[in-house]
Amino acid sequence: MPVAVLVLGAAVFALGTSEFMLSGLLPEVADDLDVSIPTAGLLISAFAIGMVVGAPLLAAATQRLPRRLTLVWLLAVFAVGHVVGALAPAYWVLFLCRVVSALACAGFWAVGAAVAISLVPVHARARAMAVMIGGLSIANIAGVPGGAVLGQSLGWRSAFWAVALLTVAGLVGVLLLVPRAAEPEADERPPLRSELRIYRDPLVWLAIATTALFAAGTFCFFSYLAPLLTEVTGLDEGWVPVVLVLYGVGALIGTVAGGRLADAHMFGTLYVGLTAAAAVLALAAFTAHNAVAAVTLSGLLGLASFLCAPGLNARIFNVATADAPTLAGATVTSAFNTGNTLGPWIGGLVISAGLGYAATAWVGALLVLGALVGAWLQSRAGRAGQVVAVSPARPVSQPVSRRSSERTLNRAVDSQRPAP
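Since the model is a prediction, treat every value here as computed from it, not as a measurement.

About the criteria used
- Every chain's residues receive numbers from 1 upward, in the order its sequence appears when written.
- Only residues with pLDDT of at least 70 are given local features in this predicted model, and only at 80 or more are side-chain atom pairs given and counted; all residues enter the totals for whole chains, interfaces and linings.
- Computation of side-chain values: all heavy atoms of the structure, hydrogens and water removed.
- Secondary structure counts use DSSP, requiring at least four H or I residues in a row for a helix and at least two E residues in a row for a strand, with both numbered from the N terminus.
- Each residue is assigned to one of three classes by its accessible area relative to the maximum for its type, calculated with a 1.4 Å probe on protein chains only: buried under 20%, partly exposed between the two thresholds, exposed over 50%.
- Counting rule applied: Lys, Arg positive; Asp, Glu negative; His and chain ends not counted.
- Within this document, salt bridges are pairs made up of a side-chain nitrogen of Lys or Arg and a carboxyl oxygen of Asp or Glu, the two lying within 4 Å of each other.
- The contact rule is simple, with two residues in contact once any of their heavy atoms fall within 4.5 Å.
- A score from 0 to 100, pLDDT tells how confident the predictor is in each residue.
- Axis geometry follows a simple rule: fit a line to the C-alpha atoms, using only the stretch in contact for helices, then measure angles between N-to-C directions, giving values from 0 to 180 degrees.
- These descriptions rest on fixed angle ranges, namely under 35 degrees for roughly parallel, over 145 for roughly antiparallel, 65 to 115 for roughly perpendicular, and the rest for oblique.
- Two helices crossing with the near one rotated counterclockwise from the far one by less than a right angle form a left-handed crossing, whereas a clockwise rotation gives a right-handed crossing.
- The classification used treats Ala, Val, Leu, Ile, Met, Phe, Trp, Tyr, Cys and Pro as nonpolar, Asp, Glu, Lys and Arg as charged, and all other residues, Gly among them, as polar.
- How far a helix is expected to stretch is found by multiplying one less than its residue total by 1.5 Å.
- Like-charged residues within 9 Å of one another, or nonpolar side chains (Val, Leu, Ile, Met, Phe, Trp, Tyr) within 5 Å, are grouped into patches, provided each residue has over 30% relative accessible area and no salt bridge.
- Reported accessibility uses the Shrake-Rupley method at a 1.4 Å probe radius. Residues are deemed covered only where the shown protein chains occlude them.
- Definitions used throughout: a 1 Å grid over protein atoms alone; a cavity as a set of points that fits a 1.4 Å probe which cannot get out; a pocket as an open set with protein on both sides within 12 Å along at least five of seven lines; a lining residue as one with an atom within 4 Å of a point.
- Grid points are joined across faces, edges and corners, and a volume is the space filled by probe spheres set on the points.

Student: I'd love a proper account of the side chain of Glu 28, names of residues and values included.
Tutor: Within the secondary structure, Glu 28 is located in helix 2 (residues 26–33). Of the side chains with opposite charge, Arg 157 lies nearest to the buried Glu 28, which makes no salt bridge, at 12 Å. When neighbours within four sequence positions are excluded, Glu 28 is seen to be in contact with Gly 151, Gln 152, Trp 156 and Glu 237.

Right under this line is the structure:
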């Protein structure tokens, strides 16, 4: 795997820590800013909203700019957003900081994913995306629990300062180790108008909907994991970082396995991961009052959820990259974060309706089952087996038979010379 892809994954560690750390800090933020926990939970949705909007907008706005320079500026904005967030005197200021930081995060994901995909052969796409997603997994193991520990001992604002420092470190890494050769010349990139045509393709929208339902189901439950553990399960707040570490360990294992399996068996991996995630969420609803079950299932949810993530990422690239090498990464980011926006909001509605924190797991399971249906529909579509090969200078689409395995197809396409 190219070192530049590893650097991008390391930078994602800082971004992922920020994106998920509020799941372990909602009680502290709510108390300090004098808002309810569901209202504090909207800060997670605020970040996701910024990701949904920011990915396509920034991908389009920076289409003709050098990719490495774009990544550096986006990380700089992200760092500044966290400094302002750490100093926020009121809820609305923190809300705006989350949106601005998310815009920068979205741009980084969109451009960074395009760079990562351009640096590897087509049959290694899921593994390249697994490296970037691995940054999120490690964030869940170290960053998110670390943020929870900092928040509980030094106040939630200390976690924002820590993320700002991590982001600066990532910025330096991108400057030093991401090559200029990773980006095509501006005049070799297709015009934005032609890239927008991918949104006329029903299969692209089906892939987006599948990803969004999966993310919504996961975050409907995960966003409120900390209060569920302390108020329903009855664990001390000191257990929250431990449970988040277990979730992160499961996520890392799932990411590594999913990256390798999805390159060979795309839909089989999605079927297993989505079914397992729905089952874990249903069991979590049943056993929310049992401490051993709640802790164990949190780790299994990380494993099942992140088993799906590399395949869901690669699937959107496979159906969109031929006509939209720039917007493909933005589409992936927006799809995931549409779900990340809806999940906490739906979970908040469930809690506000008096159904309790455990009910978020039931709703999450239903949403994930919807994603399973979406994956099945994609496998039955006429272009289920299509794989897209992309050279740094010019994308090429190679449709192939549904009956052959995706691994064989990927190798065959990778061996072909791109059309002049």
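The discussion continues.
Student: So, unusual backbone geometry: which residues are in play, and what are the values?
Tutor: One non-glycine residue, Asp 34, lies in the positive phi region at around 60°. Mapped onto the secondary structure, Asp 34 falls in the loop between helix 2 and helix 3 (37–61). Residue classification places Asp 34 among the exposed residues on the basis of a relative accessible area of 70%.

Student: Tell me what's going on with the confidence of the model for the protein chain, and back it up with residues and numbers.
Tutor: Predicted coordinates in areas of low pLDDT are best not read in detail. Across the protein chain, the average pLDDT comes to 79, with 84% of residues at 70 or higher. Here strand 2 (residues 395–398) stands out as the element of the protein chain with the lowest mean pLDDT, 30, in contrast to helix 15 (residues 359–380), whose mean of 92 is the highest. pLDDT under 50 marks residues 384–420. Its contacts with residues more than four places away, or in other chains, come to 71 contacts.

Student: Give me the lowdown on the packing of helix 1 (residues 3–21) against helix 7 (residues 156–177), citing residues and values where you can.
Tutor: Between helix 1 and helix 7, the least distance of the axes is 9 Å, while the angle of their chain directions is 165°. Considering the angle they form, helix 1 stands roughly antiparallel to helix 7. Two packed elements cross with a definite hand, and for helix 1 against helix 7 that hand is left-handed. Only Ala 159, Phe 160, Val 163, Leu 166, Thr 167, Gly 170, Gly 173, Val 174 and Leu 177 of helix 7 make contact with helix 1, whose side of the interface consists of Ala 4, Val 7, Ala 11, Phe 13, Ala 14, Thr 17, Ser 18 and Met 21. A breakdown of the residues in the contact of helix 1 with helix 7 according to their chemical character gives twelve nonpolar, five polar and no charged.

Student: Describe in detail the packing of helix 2 against helix 3, supporting the description with residues and values.
Tutor: Put simply, helix 2 and helix 3 touch, their axes get as near as 9 Å, and they point 115° apart. Considered as vectors, helix 2 and helix 3 are oriented roughly perpendicular to each other. The handedness of the crossing between helix 2 and helix 3 is right-handed. On helix 3, the residues touching Leu 26, Val 29 and Ala 30 of helix 2 are Ile 37, Ala 40, Gly 41, Leu 43 and Ile 44. A class-by-class count of the residues in the contact of helix 2 with helix 3 yields seven nonpolar, one polar and no charged.

Student: Quick one: what's the story with helix 15, residue by residue and with numbers?
Tutor: The terminal C-alpha atoms of helix 15 lie 33 Å apart, and with 22 residues this matches the ideal 32 Å at 1.5 Å per residue to within 8%. Taken residue by residue, helix 15 has Ala 359, Thr 360, Ala 361, Gly 364, Ala 365, Leu 367, Val 368, Ala 371, Gly 374, Ala 375, Gln 378 and Ser 379 as its buried positions.

Student: Could you give an account of a nonpolar patch on the surface, naming the residues involved and the relevant values?
Tutor: Residues Val 3, Leu 6, Val 168, Val 172, Leu 175, Leu 176 and Leu 177 make up a contiguous nonpolar surface patch of about 630 Å² in total accessible area. Sorting the residues of the nonpolar patch by element identifies helix 1 and helix 7 as the ones contributing at least two each. No other element matches the five residues that helix 7 contributes to the nonpolar patch. Mapped onto the fold, Val 3 is located in helix 1. Overall, the relative accessible area of 48% leaves Val 3 in the partly exposed class.

Student: Break down empty space enclosed by the protein for me, citing the residues and quoting the values.
Tutor: Applying the stated criterion to the full structure yields five cavities of 30 Å³ or more. Roughly 280 Å³ of internal volume is contained in the largest cavity. Taken together, 20 residues make up the lining of the largest cavity; nearest its centre are Phe 20, Leu 136, Phe 306, Phe 336 and Asn 340. Elements with a contribution of two residues or more to the lining of the largest cavity: helix 1, helix 6 (125–154), helix 9 (202–222), helix 13 (291–320) and helix 14 (327–352). A class-by-class count of the residues in the lining of the largest cavity yields 13 nonpolar, six polar and one charged.

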